[in-house]
Amino acid sequence: MGDVLAWVFAVGALVCGFLVFRLDSMARVTFALLGAFLFVGAEVVLLGLAYLGVLVVLMMIMEMVVMAVFMVMYMMNPAGLMPMSMYHNKSGALVISVGTFAVLAAGIWLVDWPARTGAAPPDPTRVLGEALMGPQMLTMIVVGVALFATIISAVVLAAPRGRYDRFGDDLRGARR
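Everything numeric in this text was worked out from a predicted model, so none of it was measured.

With that out of the way, let us pick up a nonpolar patch on the surface. Together, Leu-38, Ile-61, Met-62, Val-65, Val-66, Val-69, Phe-70, Met-73 and Tyr-74 give the surface a local cluster of nonpolar side chains, amounting to about 810 Å² of exposed area. When residues of the nonpolar patch are assigned to their parent elements, the largest contribution, eight residues, is made by helix α3 (residues 50-74). Along the polypeptide, Leu-38 turns up in helix α2 (residues 26-46). By relative accessible area, Leu-38 is classed as partly exposed at 32%.

Our next topic: the pattern of salt bridges. By the definition in use, this model includes one salt bridge. Among the salt bridges present, the one from Glu-130 reaches Arg-126, with a minimum N-O distance of 3.3 Å. Taken together, the positions of Glu-130 and Arg-126, both in helix α5 (residues 124-133) and four residues apart, correspond to about one turn of that helix.

Attention now goes to the side chain of Glu-43. When you line up the elements, Glu-43 lands in helix α2. The side chain of Glu-43 sits in the buried core without any salt bridge; Arg-116 is the nearest counter-charge, 15 Å away. When residues no more than four places from it in sequence are discounted, the contact partners of Glu-43 are Ala-6, Phe-9 and Ala-10.

What follows covers the packing of aromatic side chains. Within the structure shown, the criterion is met by one aromatic pair. Ring geometry for Phe-9 against Phe-39: centres 6.2 Å apart, planes inclined by 40°, an arrangement best described as tilted. Of this pair, Phe-9 sits in helix α1 (residues 2-22) while Phe-39 sits in helix α2, placing them 30 residues apart in sequence. Residue classification places Phe-9 among the buried positions, given a relative accessible area of 18%.

Rules and cut-offs
Residues numbered from 1 in each chain as written. Predicted model: local features only at pLDDT ≥ 70, side-chain atom pairs only at ≥ 80, totals over all residues. Heavy atoms only, no water. Patch = residues over 30% accessible without salt bridge, like charges linked within 9 Å, V, L, I, M, F, W, Y side chains within 5 Å. Areas by Shrake-Rupley, 256 points an atom, 1.4 Å probe, with all protein chains shown as cover. Salt bridge = Lys/Arg side-chain N within 4 Å of Asp/Glu carboxyl O. Helix = DSSP H or I, 4+ residues; strand = E, 2+ residues; numbered from the N terminus. Buried < 20%, exposed > 50% of the residue type's maximum accessible area, 1.4 Å probe, protein only. Lys, Arg positive; Asp, Glu negative; His and termini not counted. Contact = heavy atoms within 4.5 Å. Phe/Tyr/Trp six-rings, centres within 6.5 Å; stacked < 30°, edge-to-face > 60°.

These figures capture arrangement, not role.
Take a look at the structure:
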């Protein structure tokens, strides 16, 4: 079952990645990119790194939602839905992307991968965290929580009143 899911997620990631370059609006492209990241996060979970997979999913959901919100707020066209192109030099971009994919796919099949020596660790997330952070793991956890609290506090303090508070109760009379 795991092999079938791995292939389904891989194909889903490729399809969503392809749609990033085929769709014609920033809003749609954002959600296609989100789909690709979700499929990749699911692949990471299948590889036994549940913490990292969920982290990828959560980070990418937040990043893509923030990007979509900023597009709706600041794009010249309505909500980023106007037709546009996500790439320039179409033939050059196609050659480079297909070539890169071919080289990476060939590397997967042609490289003589070493055989595993030893057993998998009982908690791969902990081993990965220690390899990345070393003795600073607790520090990084505390810093992460502190940064998250800072972001929430900054948003709350930056917007002490709502969007229509400046008009008071008479919203109909506000447009003059």
